[in-house]
Amino acid sequence: MKRTHRINIFFFIFASVLAVLYAFPFAMVLLNSVKDKREVRNEPLAWPTEWKWDNFTEAIDRMDYWQALGNSLIITVLSVTAIIITSSMLAYYLARSKTKFSAATFLILVASMIVPFQALMIPFVGLFGERGLGLPGNQFTIAFFYVGFGVALSTFLYHGFISNIPYELDEAAGMDGASAFRTYRSIIFPMLGPVTATVAIINALWIWNDFLLPSVVLLENDQKTLPLRTFVFYGNYTSDYGLAMAGLLISILPIVIFYFAMQKRIIAGISAGAVK
Amino acid sequence: MRTRRQEIRRFLVFALVPLAIFTLVLVVPFTRGIYFTFTDWNGFDVTQFVGLDNYIAAFQNEDFWGSMLFTAGYVVASLILVNVVAFGLALLVTIPLRGVNVLRTAFFLPNLIGGVILGLIWQFLFGQALPTIAEATGIPVFAENWLLDTTTAFWAMVIVTVWQMSGYMMIIYVTALMSIEQEALEASLIDGTNGLQRLVFIKLPLMAQAFTISLFLTLRNAFMAFDLNLSLTGGNPYGTTELISLQVFREAFSFGNFSSGQTQAVLMFVVIAIAALAQVAISKRFEVQR
């Protein structure tokens, strides 16, 4: 027993070294975000001689941080809410309907998950951009698109769960005079809590970090999300690495805070969502 | 049994809106996209049918082939390294010691952050910080900026990909390792197996499904990688590190070649679909029937 314990400690130390390596890039961002640009260039590993907190106020100012953060928040919350509502309803319909149509629909949804956005992007821009329907590039348009792209996976996750809810519950509710919608809203949806958490987390991480779709939809500066703003900001200030690092740090911060607040749920959501 | 009228009512209440959005956003662009590859579509309108010309042009296009080969190499390297590292990490963070949870967080953290920002962080590291550190310490590995040469830029992309994805796949492997029945392990202990034998003959076969999932996700993510490519190398030097996504994006939106860009995108989809189906079919054969 003692021998295995010693081996475990050896492995633990080895893993800790790896963890330090994994965290090293973040440490570099953190350390250099409070430095002057000359110090970043000459001594990236050294402790800052002079703490340049101005980097943060300047980065916040120049990338319109609060606006970009607000845009990202609104788009993520709006899209995730819409995905939860639409996909749980669709999954309820598909799980309870035994027609050939619903079986075929389910199959198409599953198959669609392998289609990369890149294969749709060009006709997509032609269809909805200024050359086509000319939809305005705002948060409602993009939430609409996220529902279209996200509904398949989320419906699939809900479907598996709803299929295990006994049909007798629906019948009992019907006997009491509840309409189909009422049954869904008051009986079924409240039971879906664990899947809803999974669906919310998987979609929130995807939408929050997404770059390609917003970059072809959100063309006005005041509509742009945090990743878009960060990318442009970094490109403009590569000569001042201290400032650039401050910009990276503040754009990483919200999701890291979110992670530490909901760590258990996020890990559980990812393990549940990956079992396909 | 429900009547036909009830069935239609349920469809209208629950399924119409989600399916209409799904159709408009995904199905219509997909089918239109395939149609466009047989035309001379320029983003505005179609003047004539060109048959297979776009496909023939794509097969004769050196940039397209260069990008496809580069992508293939990137996918294979990522597929192997991400999963080897992720599985190793999963074994490490399941040893029965307190403190491993902190390590899990460190390994998982890069995955939370979008590829664009991760690419920017490493652009700073490869281009600025690591060469300076190499100079100061005398360790020559990163003395040159890795992003300036095609071969080292390729490995730079693989390193960042492993850093980004291994934490996610680690979670999948950890879940699988923890769900192995204790009885199976105890039985093998009585039979006098050592740790390595238990790993190879008991644990690996029992968690084959986790490998199927994780390999599938890595394959798909690597084939579709765009963000990291854009922000880390931007395709440089001289467009030699353009993954297929970035190549398609630039063909359409930078050069305005809509129908040829879309043709390359459709070919990309076909390759992904074949690779993914083949991988799942092969992996499934290793899964234990229970």
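Reading guide: rules and limits
- Residues numbered from 1 in each chain as written.
- Chains lettered and ligands numbered in written order.
- Predicted model: local features only at pLDDT ≥ 70, side-chain atom pairs only at ≥ 80, totals over all residues.
- Heavy atoms only, no water.
- Helix = DSSP H or I, 4+ residues; strand = E, 2+ residues; numbered from the N terminus.
- Rg over C-alpha atoms; globule rule 2.2 N^0.38 Å.
- Buried < 20%, exposed > 50% of the residue type's maximum accessible area, 1.4 Å probe, protein only.
- Contact = heavy atoms within 4.5 Å.
- Areas by Shrake-Rupley, 256 points an atom, 1.4 Å probe, with all protein chains shown as cover.
- Lys, Arg positive; Asp, Glu negative; His and termini not counted.
- Charge placed at Lys NZ, Arg CZ, Asp CG, Glu CD.
- Buried area = accessible area lost by both parts, 1.4 Å probe.
- Salt bridge = Lys/Arg side-chain N within 4 Å of Asp/Glu carboxyl O.
- Polar contact = N/O pair within 3.5 Å; in protein donor to acceptor, adjacent residues only side chain to side chain.
- Nonpolar A, V, L, I, M, F, W, Y, C, P; charged D, E, K, R; others polar.
- Core = buried A, V, L, I, M, F, W, Y, C linked by side-chain atoms within 4.5 Å.
- Domains from an automatic or database assignment.
- Expected span 1.5 Å × (residues − 1).
- 1 Å grid on protein atoms, 1.4 Å probe; cavity = no way out; pocket = protein on both sides within 12 Å on 5 of 7 lines; lining within 4 Å.
- Points joined across faces, edges and corners; volume = space filled by probe spheres on them.

A. Spatial organisation of the overall build of chain B. Helix and strand counts for chain B come out as 12 helices and zero strands. The linear arrangement of helices and strands in chain B, starting from the amino end, is α-α-α-α-α-α-α-α-α-α-α-α. Against the globule reference of 19 Å for 290 residues, chain B gives a C-alpha radius of gyration of 24 Å, more extended than a compact globule. Oriented by its inertia axes, the alpha-carbon framework of chain B measures out at about 75 × 75 × 30 Å. A buried classification covers 52% of the 290 residues belonging to chain B. For chain B, the share of sequence-separated contacts (at least 6 apart) that also reach a separation of at least 24 residues comes to 69%. A total of about 13,600 Å² of accessible surface is found on chain B, and carbon and sulfur atoms cover 65% of it. Mean positive and mean negative side-chain charge positions of chain B (15 and 17 charges, respectively) differ by 20 Å.

B. View of the interface of chain B and chain A. In this assembly, 85 residues from chain B lie in contact with 90 residues from chain A. Roughly 7,800 Å² is buried in total at the junction of chain B and chain A, and carbon and sulfur atoms are behind 80% of that figure. Contact with chain A buries area across many residues of chain B, yet Phe14(B), Leu112(B) and Phe124(B) alone supply 10% of it, more than any other trio. For the interface between chain B and chain A, the tally reads zero salt bridges. Here chain B is connected to chain A by 10 residue pairs in polar contact (both at pLDDT 80 or more). Tallying contributions element by element places helix α1 (residues 4-36) of chain B first for the side of chain B that touches chain A, with 19 residues. A breakdown of the residues in the side of chain B that touches chain A according to their chemical character gives 63 nonpolar, 15 polar and seven charged.

C. Structural context of the side chain of Gln118(A). With respect to the helices and strands, the residue Gln118(A) is situated in helix α6 (residues 118-128). When its relative accessible area of 3% is taken as the criterion, Gln118(A) is described as buried. A polar contact is formed between the side chain of Gln118(A) and the backbone oxygen of Met224(B), at a distance of 3.0 Å. The contact partners of Gln118(A), leaving out residues within four places of it in the chain, are Leu212(A), Met224(B), Phe226(B), Ser245(B), Val248(B), Ala265(B) and Met268(B).

D. Representation of the environment of Ala15(B). Along the chain, Ala15(B) falls in helix α1. On the basis of relative accessibility, which here comes to 0%, the residue Ala15(B) falls in the buried class. Leave out the neighbours within four places in its chain, and Ala15(B) touches Leu90(A), Tyr93(A) and Arg10(B).

E. How the structure looks around the nonpolar core. Residues Phe124(A), Phe149(A), Leu213(A), Tyr74(B), Ile113(B), Ile121(B) and Phe126(B) are the most contacted members of the largest nonpolar core, which totals 178 residues. Ranked by the residues each element gives to this core, the list is headed by helix α6 (residues 150-178) of chain B, at 16 residues. The two domains that each donate at least three residues to this core are domain 1 (2-53) and domain 2 (63-236) of chain A. Apart from the residues lying within four places of it in its own chain, the contact partners of Ile113(B) are Phe26(A), Asn209(A), Ile252(A), Ile255(A), Val256(A), Leu118(B) and Gln164(B).

F. Representation of helix α3 (residues 62-92) of chain B in the model. Between its first and last C-alpha atoms α3(B) spans 44 Å; for 31 residues at 1.5 Å apiece the expected length is 45 Å, and the two agree. Two to three positions downstream of the cap, the backbone nitrogen of Asp63(B) sits 2.8 Å from a side-chain oxygen, assigning the N-cap of α3(B) to Asn61(B).

G. Fine view of empty space enclosed by the protein. Enumeration according to the criterion identifies three cavities of 30 Å³ or more in this entry. At six residues, helix α10 (residues 193-209) of chain A tops the list of elements feeding residues into the lining of the largest cavity. Looking at side-chain class alone, the lining of the largest cavity contains 30 nonpolar, 13 polar and four charged residues. Here the second largest cavity defines a volume of roughly 90 Å³. Taken together, 14 residues form the lining of the second largest cavity, with Asn209(A), Pro227(A), Ile113(B), Gly114(B) and Ile117(B) sitting closest to its centre. Looking at the lining of the second largest cavity residue by residue, the classes come out as nine nonpolar, four polar and one charged.

H. A look at the layout of surface pockets. Computed from the structure, the largest pocket encloses a volume of approximately 1,200 Å³. Asn8(A), Ile95(B), Gly195(B), Arg198(B) and Lys203(B) are, among the 27 residues lining the largest pocket, the residues nearest its centre. Broken down by secondary-structure element, the contributors of at least two residues to the lining of the largest pocket are α1 (2-32) of chain A together with α3, α6, α7 (182-190) and α8 (195-206) of chain B. It is α1(A) that provides the largest number of residues to the lining of the largest pocket, a total of six residues. Tallied by class, residues from the lining of the largest pocket come to 15 nonpolar, eight polar and four charged.

Bear in mind that shape data such as this cannot, by itself, settle questions of function.
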